[in-house]
There are 2 protein chains.
Amino acid sequence: MSLLVVGSVAFDSIETPFDKIEKVIGGAATYICYSAANFNNQVQLVSVIGNDFPQEVIQDLEARNINTEGLQLKENEKSFHWSGKYHTDMNHRDTLATELNVLENFDPVLPDSYKNSEFVMLGNLAPQVQKQVLDQMTTKPKLVVMDTMNFWMDIALDALKETISMVDVLVINDEEARQLSGQYSLLKASKIIRAMGPQYLIIKKGEHGALLFEGDKIFSAPALPLADVFDPTGAGDTFAGGFIGYLAQSGDISFENMKRAIIYGSALASYCCEEFGPKKLQEINGSDLEARVDEFVNLMQIDFKVEA
Amino acid sequence: MSLLVVGSVAFDSIETPFDKIEKVIGGAATYICYSAANFNNQVQLVSVIGNDFPQEVIQDLEARNINTEGLQLKENEKSFHWSGKYHTDMNHRDTLATELNVLENFDPVLPDSYKNSEFVMLGNLAPQVQKQVLDQMTTKPKLVVMDTMNFWMDIALDALKETISMVDVLVINDEEARQLSGQYSLLKASKIIRAMGPQYLIIKKGEHGALLFEGDKIFSAPALPLADVFDPTGAGDTFAGGFIGYLAQSGDISFENMKRAIIYGSALASYCCEEFGPKKLQEINGSDLEARVDEFVNLMQIDFKVEA
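Residues numbered from 1 in each chain as written. Chains lettered and ligands numbered in written order. Predicted model: local features only at pLDDT ≥ 70, side-chain atom pairs only at ≥ 80, totals over all residues. Heavy atoms only, no water.

J.: Kindly report on unusual backbone geometry, identifying the contributing residues and their values.
T.: Of note, the phi angle at asparagine 101 of chain A is positive, near 50°, even though the residue is not glycine. The residue asparagine 101 of chain A is located in the loop between strand S7 (93-99) and strand S8 (119-122) in this model. Assessed through its relative accessible area of 26%, asparagine 101 of chain A is described here as partly exposed. One non-glycine residue, asparagine 65 of chain B, lies in the positive phi region at around 70°. (Helix = DSSP H or I, 4+ residues; strand = E, 2+ residues; numbered from the N terminus. Buried < 20%, exposed > 50% of the residue type's maximum accessible area, 1.4 Å probe, protein only.)

Right, here's the structure in full:
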């Protein structure tokens, strides 16, 4: 099915306890697209870049069936650039610099062909910009999934809540869920956040997996214990891209199918952590993905019917 | 089957963000016994108490089919007493006071009827004392499970490693696994720790569940998201008691059955957190336990065969 993706297409400079890299390809929408490209959908990218962004990456995305008609090029500006540093536990990072550049006045303009997209993935961006995308849709999408971060809770909470009220699935991490709800218990937090609008809530817990909430139902997905987490940048975006990519391919947005979508998103996110930038995502193929999904299934496989 | 349990039987004084209590019944062996009593085994308790420990608790344990022949009473001494304070996240606590009392010179003496027990649970204690219990066994047990804590890694690492080399299953938390192995990755840590002796390793992750490792196999068990964690004291002991109690009842020590045992242990541990001390464990019955196990099964239930 059609899947509209909005988010940043950018550069990241990353320092981990193991290595560092300057200006690797990054951005929420980049990771979402590379991840969603593993499924059979018409992916439509909305973003903005400066004249410093490499044309080969755009071509690579197009070669993966990503429509870049909605990718704006600002000839005399520079692309968004984020710099960050990870600590030993890799679940926490410090932002060293944020150069907004083209994102400062980003006005997302949807090509007409995007306006009736059936699935919409709002990658992490200012909530006002995310809302502008939804406002341009001419048909109500089948499913809108939204990612965000604590930064917007700090500086734009009212706008954030307005956008949250318009989406079906909110994807945030555990710290963000606690901040947004004011509750430490994730069960209590999930109720408060879903009362803000979204029918579904996904709470990402990094190396501890993810939780999916709807009504009184909860699904707990494991994370694959990895020997090395080389660089977790983009893992959350990759998770979201795999989640919505899987759902859009099947068209089935039931709770049961969302569970499977979470495992696909988790499998792709685990690959993402193995290299700097989207490199590993560029390398893997369908059988790599299925093999990793099988590892997740083995990890959680239990049979209560055959007792000794 | 027969299940020998060694550990402290003691008092705890506990402060949480919600409430505080002085000298509630506690101790690793107490929680292990209350938890293991949910299964059909001959539980044999080895521990030591002073003359301040309430006789009603001993009677309550005996009424649950716990053999207390190996429970020593030191007439002129006081029972072990631990005081601690939890922070908001409930995964971390500060020890405020440790009055060893009767534990200071604890010499575990096994009654003859205990010496051929088929299952042995070494609750958290000085590793030298845990080893003394194993040294008195006249028959090699079918399965020895050991709990310990970072305190023994700090002050008695060599003795700890010696006892670890004698057991089949080691149960520790994620911080302890990292400390013991010197590795941050739990996958790497699990290999190093199992090379110390135990065929199986269980890493407890509190509100994030638990991991079971054997050979190249890994099982990831979820934790139940709770509205309130009232008091996590004893949750780890309760987990261990449920784990070995379930295994001893069936006599099946396969990896597949250990997965189920982990879910039973997790279900009992989740009940333990709902009240101060072992109160909730004293109240629940078999159908409460099965209902909680069903909640865990629902939490992790996923079907990859029926795709849309």
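J.: Go over the pairing of strand S10 (residues 169-173) of chain A, please, and point to the residues and values.
T.: When a strand is regular, its side chains alternate between the sheet's two faces. All names here are of chain A. The element S10 is extensively covered by neighbouring structure, given that 4 of its 5 residues are classed as buried. As paired elements, strand S9 (residues 143-147) and S10 share 3 bridges and run parallel to each other. Counterpart to aspartate 147 in the pairing with S10 is valine 171. Both S10 and strand S11 (residues 200-204) contribute to a ladder of 5 bridges, which runs parallel. The residue bridging isoleucine 172 from the neighbouring strand is isoleucine 203, located in S11. (Pairing = 2+ DSSP bridges.)

J.: If you had to explain the packing of aromatic side chains to someone new, which residues and values would you point to?
T.: Tallied over the full model, the rule gives 16 aromatic pairs over all chains. For the pair phenylalanine 151 of chain B and tryptophan 152 of chain B, a centre-to-centre distance of 4.8 Å together with 75° between the ring planes defines the contact as edge-to-face. Judged by relative accessible area, phenylalanine 151 of chain B falls into the partly exposed class, the value being 41%. The buried category is assigned to tryptophan 152 of chain B, whose relative accessible area is 14%. An aromatic cluster is present here, built from Phe39, Tyr246 and Tyr264 of chain A together with Phe304 of chain B joined pairwise through their rings. Geometry around phenylalanine 11 of chain A places lysine 23 of chain A over its ring, the cationic atom sitting 4.7 Å from the centre. The ring of phenylalanine 255 of chain A has lysine 217 of chain A sitting right over it, with the charged end atom 5.1 Å from the ring centre. (Phe/Tyr/Trp six-rings, centres within 6.5 Å; stacked < 30°, edge-to-face > 60°. Lys NZ or Arg CZ within 6 Å of the ring centre and 35° of its normal.)

J.: Can you tell me about the sheet that holds strand S6 (residues 81-86) of chain B, naming the residues and giving the values?
T.: Residues and elements named next belong to chain B. Reading across the sheet, the 4 strands line up as S3-S2-S6-S7 and stay open at both edges, with mixed pairing between neighbours. If you trace the sheet from one side to the other, it starts and ends with strand S3 (20-26) and strand S7 (93-99), each paired once. Going across the sheet, the axis of each strand differs from the next one's by a mean of 20°, ignoring polarity. Here 6 bridges tie S6 to S7, and the two strands are oriented antiparallel to one another. Across the sheet, tyrosine 86 pairs through a bridge with arginine 93, a residue of S7. (Axes fitted to C-alpha atoms, helices over the stretch in contact; angles between N-to-C directions.)

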